[in-house]
Amino acid sequence: MSLLHLAIISPFLLAILVPILYKLLRKVHAGWFVLPLPMLLFIYFLSYIPRTSIQQTVIKSFAWIPTLGIDFTFKVDGLGLLFALLITGIGSLVVFYSIYYLSKDKEQLNTFYVYLLLFMGAMLGVVLSDNLIVLYTFWELTSFSSFLLIGYWYDREKSRYGAQKSMLITVFGGLSMLGGIILLYLMTGTFSISEIIQQSNEILTNPFFIPAMLCILLGAFTKSAQFPFHIWLPDAMEAPTPVSAYLHSATMVKAGIYLVARMSPIFAENGLWVWLVAGFGIVTLFWGAFSAVKQTDLKGILAYSTVSQLGMIMSLLGIGGAAFHFDSSNNSYFTVATVAAVFHLINHATFKGSLFMVAGIVDHETGTRDIRKLGGLMYFMPITFTIAIIGTFSMAGLPPFNGFLSKEMFFTAMVRVLEIGIFNLETWGVLFPIIAWVASIFTFVYSMLLVFKTFTGKFQSEKLAKKPHEAPIGMLIPPTILASLVIIIGFFPNLLSNTIIAPAVAAIMPNFKVDVHISFWHGFTTELFMTLGVIVIGILLYKALPKWRRVYRLFPEKFSLNRLYNSILDVSQRASRTMTNRYLTGFSRTYLLYLFAFFIIILATTLFVKDAFTVKTNNLSSIHLSEAILALVISIGAISIIFAKSRLTSIILLGAVGYTVSIFFVLFRAPDLALTQLVIETISVALFLLCFYHLPKFKKREERMRFRIANAVISVGVGAIVTMIAMSAHSNKLFDSIAQYYVDNTYEKAAGKNMVNVILVDFRGFDTMFEITVLAIAALGIFGMIKLRLEGGKKNENQ
Amino acid sequence: MKTNDLILQTTTKVVVFIILLFAVYIFFAGHYTPGGGFVGGLLTSGAIVLLLLAFDLKTLQNFLPFNYIYMIAIGLLFSIGTGAGSLLFNVPFLTHVFTHIDLPILGDLSLHTATLFDLGVFLVVVGVTMTIIQTIGGDE
């Protein structure tokens, strides 16, 4: 356990404390307890920069399940550190913002911050784990916390729908990723990412290579909302705005990008990887930007814009993967795509984070996010307007903001695709720069829509629920910090290049010598003319929007992906309901029927397939008269239960059978068993008598004891099978009995003389522990069922 | 459950204490002679059930005002805590230790962490049985 481990689990630890602090100090906004942690962690991770910038990695390991090769191995390299800084940095700002955004009187703040901390810890775990299983565990935890946060306002139907959708899609991808991880393990025999990378040349021809790649990509694409899995992200906007800014824009949705970057050294040698990652990325870029224009909800525009920008980063990583094919000593001609990806990742977090916060402010102060109702807000919220201008212009790729720099690099990378000359990129590859350019025009259009429809134009006070005014200072500070970063990075991009970007690129592309230098002015290059074209055509399209908006109606609702998702959900729900209703009848006799029927089928088949049924009559002890009498009593008791006319009789008969069995234990000198059996029998008879009161009366029909053939067959079958197994078990002694071990060691090792008890508490203590846990769960279940039903009943009476 | 049985009530008042004492004995004796936390717990709940049968649920709850659900939780904490405690000494989960001490009057006494574990079992068993019986019995 090192400080690094502590840093990663500290959010979980704080999550335990938050509800207690919340209860004790109701007057203080719970966010203040949370805020110091991400700030401290941010400073802590900053202290790694001197080490990572000279390409050192820090690895700390802590054994978890060493026998399976699963350990908490955390590795801080350039890529992991970049993400860790994003998570803690944006995390601090978001927590600060949320203190002003969420009212402490109206909201359940304790759960909110517990979920948020859960997410923060899980996300740190994802980006710093070197062990794939640990990574996967944290990965699923981020999906869960995202689910909980989207459904935070759980009384809204749309929140629940969005939460479920994100959960289904991302967990589906997560499971497929687990499959990919297992395939990787089968190929390499290790879960450690760094060790797999060292073997990456040997696994290229393995038949599992392509399936593993596809499975892992599926995980990454679902998480990072790539087309066609992007449909969950717009619905996730039902979450409180700080959450959207944090999870669904800056961090969690970038987990897929992180995974692709991490896995690039393993898979990028293969052309399929380059095509898939770049192809899905570029399609997502276009589709997201295109769909964003038709949105009317501010957060809807931002959601589709996030989808589109994620696609852009993804496509850059794909193209960057092609560089693995060239000699690593080659210059940085093709690695520019990866540099652009990392750079844009940072820029996107800054401008999109600030824009989400702006959307939150607008929503908070006007009561709506619909751009058809908004307008003219610049007079009421001058500061918010300034931040929005900076954010959107950076998003549109305008100078002098940081978005311009990364967009230029993006164009450079896309233009150079034509020169790569492998994987058929020289022919179809020409699509990349074209789609990139068209998508950038749409990006420009929706960026303008976002800022000008909200802040300029006619102010429509009659459509707003509240009278708008500038937001409180606390809500303005975080977006202002992000907006200043947009400008600072825009003017001094090389502040980041050797400290953060170069180490991150080096982690994605080991063995490459990366030299990052970002400059503002490249001369009159193709990229510059592409940007100019984007601006000119973008302005034209923006002005002419009402004329071509009809394009969007050409796509019939019927064939939309959302419709597909809904119908799949519907069909599967209906099918499972039909299936469940068929076997869940609500009668325990039906369930017993199923249980015993399967019991017979499975055991009988095994007995006969394995030819295990044997009877050996040697080594049997003689039967005493007393034992014969007891057996007779048990049989008579058991059989008479069937013919008992009342419940009371059958309960008493059942008790008699149980007591007789305990006499057997006495005869066979098992005092512990006898004692337990006696007491159990007493208590269960008492319990039966209590239940008795609630059971319906024996019906006339049942009193006649209509003989049911099926039931009879099954009951006789169970008896026969158990007898056969008992006989075979006696006759086949495959192993030596373990009894001797206990005889020898009970006193030696456990200092006890009662072997049965020592086995229970010591040798097999684990079993006992779980057994009492099961007992506890059963008791709580019964308590819950009966008490909840009672309370429900009372409520109905009141109505 | 209305009972007005004087003989049963009078006997119960005496017998319950005998059973409870026996249960405690059985619990502690478990390591060397038949018994242990499980049987001890069952016997204790047997005694309580006897009270329940002789008197009614209300009287019982006045007499023994336990929240049996808390008892389950405390029991589980004891058992799992004993197991987890061994992790602090860098030995595998659920490793027990024992020692002998000499006390002036009681003589040689064996102390064993397994007893703590067993105490957890005891509490869970009492808690579970009584929760079930009380909920079902209290359901109108």
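S.K.: How should the overall build of chain A be read in this particular structure?
M.R.: When its secondary structure is counted, chain A shows 33 helices and two strands. Seen through its C-alpha atoms, chain A measures out along the principal axes to roughly 110 × 70 × 50 Å. Burial analysis of chain A (799 residues in total) assigns 44% to the buried set. When contacts within chain A are restricted to residue pairs at least 6 apart in sequence, long-range pairs at least 24 apart make up 77% of them.

S.K.: What is the right way to look at the interface of chain A and chain B in this model?
M.R.: The figure often quoted for interface size is the accessible area lost as the parts come together. With 36 residues of chain A at the interface, the matching set in chain B holds 42 residues. Secondary structure elements with two or more residues in the side of chain A that touches chain B: α28 (671-692), α32 (755-763) and α33 (765-798) of chain A. By residue number, the principal contributor to the side of chain A that touches chain B is α33 of chain A, which donates 14 residues.

S.K.: Can you help me understand the nonpolar core in this one?
M.R.: In summary, soluble globular proteins display a tendency toward joint burial of nonpolar side chains. The biggest cluster of nonpolar side chains holds 210 residues, and the ones touching the most others in it are Val18, Leu117, Leu149, Leu316, Ala340, Ile501 and Val505 of chain A. A per-element tally of this core places helix α16 (residues 336-366) of chain A first, with 18 residues. Both of domain 1 (1-224) and domain 2 (268-543) of chain A provide at least three residues apiece to this core. Ignoring any residue separated from it by four or fewer positions in sequence, one finds Ile501 of chain A in contact with Val339, Val342, Phe343, Leu496 and Val516 of chain A. Core analysis: the second largest hydrophobic core is formed by 47 residues, Leu760, Ile772 and Leu775 of chain A together with Val126 of chain B among them.

S.K.: Got a minute to help me understand the pairing of strand β1 (residues 58-65) of chain A in this structure?
M.R.: When a strand is regular, its side chains alternate between the sheet's two faces. Residue and element names in this part refer to chain A. By the bridge criterion, seven bridges tie β1 to strand β2 (residues 70-76) in an arrangement that is antiparallel. Across the sheet, the residue bridging to Ser61 is Thr73, located in β2. Here β1 hands over to β2 after four residues, with Gly69 in that stretch at a positive phi of 75°.

S.K.: Looking at this model, I keep getting lost on the packing of helix α15 (residues 298-321) of chain A against helix α18 (residues 402-420) of chain A. Mind explaining?
M.R.: The geometry of a pair of packed helices is captured by two quantities: the angle between their axes and the separation between those axes. Residues and elements named next belong to chain A. The geometry of α15 relative to α18 is characterised by a closest axis approach of 11 Å and an angle of 45° between their N-to-C directions. Considering their axes alone, α15 and α18 lie oblique with respect to each other. Where α15 crosses over α18, the two elements pack in a sense that is left-handed. Facing Met312, Leu316 and Ile319 of α15, the residues of α18 in contact are Phe410, Ala413 and Val417. Per-class residue counts for the contact of α15 with α18 are six nonpolar, no polar and no charged.

S.K.: I'm lost on the domain arrangement of chain A in this one. Help?
M.R.: Examined at the domain level, chain A breaks down into domain 1 (1-224), domain 2 (268-543) and domain 3 (739-799). Taking the mean C-alpha position of each, domain 2 of chain A and domain 3 of chain A sit 57 Å from one another.

S.K.: What should I look at first to understand the environment of Phe33 of chain A in this one?
M.R.: All names here are of chain A. With respect to the helices and strands, the residue Phe33 is situated in helix α2 (residues 31-34). For Phe33, a count of 20 C-beta atoms within 10 Å puts it in the buried group. For the pair Phe33 and Ser662, spaced 629 residues apart in the sequence, the C-alpha separation amounts to 59 Å. Dropping the residues within four chain positions of it, Phe33 is found in contact with Val18 and Leu21.

S.K.: When you look at unusual backbone geometry in this model, what are you seeing that I'm missing?
M.R.: With the exception of glycine, most residues fall at negative phi, and the peptide bonds are largely trans. Residue and element names in this part refer to chain A. Each neighbour pair has its own omega, and for Phe227 with Pro228 the value is 0°, a cis peptide bond. The linkage connecting Pro399 with the following residue, Pro400, adopts the cis geometry, with an omega of 5°. Counting through the fold element by element, Pro400 comes out in the loop between α17 (382-396) and α18. The phi torsion at Asp611 lies on the positive side, around 55°, for a residue other than glycine. With respect to the helices, strands and loops of the structure, Asp611 is situated in the loop between α25 (588-609) and α26 (625-643). On the basis of neighbour count, Asp611 is assigned to the exposed category, with 7 C-beta atoms found within 10 Å. In this structure, Arg669 takes a positive phi of about 55° despite not being glycine. Summarising the element assignment, Arg669 is placed in the loop between α27 (647-667) and α28. Exposure remark for Arg669: the 8 C-beta atoms within 10 Å place this residue in the exposed category.

S.K.: How should α17 of chain A be read in this particular structure?
M.R.: Spacing of three or four residues puts side chains on the same side of an α-helix, whose turn is 3.6 residues. All names here are of chain A. Here α17 spans 21 Å end to end across 15 residues, near enough to the 21 Å set by a 1.5 Å rise per residue. Of all the positions in α17, only Thr384, Ile387, Ala388, Ile390, Gly391, Thr392, Phe393, Ser394, Met395 and Ala396 are classed as buried. Summarising the contacts, the buried residues of α17 are in contact with α15, α16, α18, α19 (431-455) and α20 (473-491). Within two residues after α17, Gly397 carries a phi angle of roughly 85°, on the positive side.

S.K.: What exactly am I supposed to notice about helix α14 (residues 271-293) of chain A here?
M.R.: Taking 1.5 Å per residue as the helical rise, α14 of chain A with its 23 residues ought to reach 33 Å, and the 33 Å between its terminal C-alpha atoms agrees with that figure. Burial analysis of α14 of chain A places 18 of its 23 residues in the buried class, which makes it a mostly covered element.

S.K.: I would appreciate a short explanation of the environment of Pro510 of chain A in the present structure.
M.R.: Residues and elements named next belong to chain A. Mapped onto the elements, Pro510 comes out in the loop between α21 (494-508) and α22 (526-543). For Pro510, a count of 14 C-beta atoms within 10 Å corresponds to the partly exposed category. In the structure, Pro510 is positioned 232 residues away from Ala278 in sequence and 20 Å away in space, judged by C-alpha atoms. Residues within four places of Pro510 in sequence aside, it is in contact with Ile197 and Pro265.

S.K.: Sorry if this is basic, but what is going on with the environment of Tyr552 of chain A here?
M.R.: Residues and elements named next belong to chain A. Checked against the element boundaries, Tyr552 lands in the loop between α23 (545-548) and α24 (561-583). On the basis of neighbour count, Tyr552 is assigned to the exposed category, with 11 C-beta atoms found within 10 Å. Sequence-wise, Tyr552 and Val293 are 259 residues apart; in three dimensions their C-alpha atoms are separated by 9.4 Å.

Criteria and thresholds
Residues numbered from 1 in each chain as written. Chains lettered and ligands numbered in written order. Predicted model: local features only at pLDDT ≥ 70, side-chain atom pairs only at ≥ 80, totals over all residues. Helix = DSSP H or I, 4+ residues; strand = E, 2+ residues; numbered from the N terminus. Buried ≥ 20, exposed ≤ 12 C-beta atoms within 10 Å, placed from the backbone. Contact = placed C-beta atoms within 7 Å. Core = buried A, V, L, I, M, F, W, Y, C linked by C-beta atoms within 7 Å. Domains from an automatic or database assignment. Pairing = 2+ DSSP bridges. Axes fitted to C-alpha atoms, helices over the stretch in contact; angles between N-to-C directions. Parallel < 35°, antiparallel > 145°, perpendicular 65-115°, else oblique. Left-handed = near helix turned anticlockwise from the far one by under 90°. Nonpolar A, V, L, I, M, F, W, Y, C, P; charged D, E, K, R; others polar. Expected span 1.5 Å × (residues − 1).

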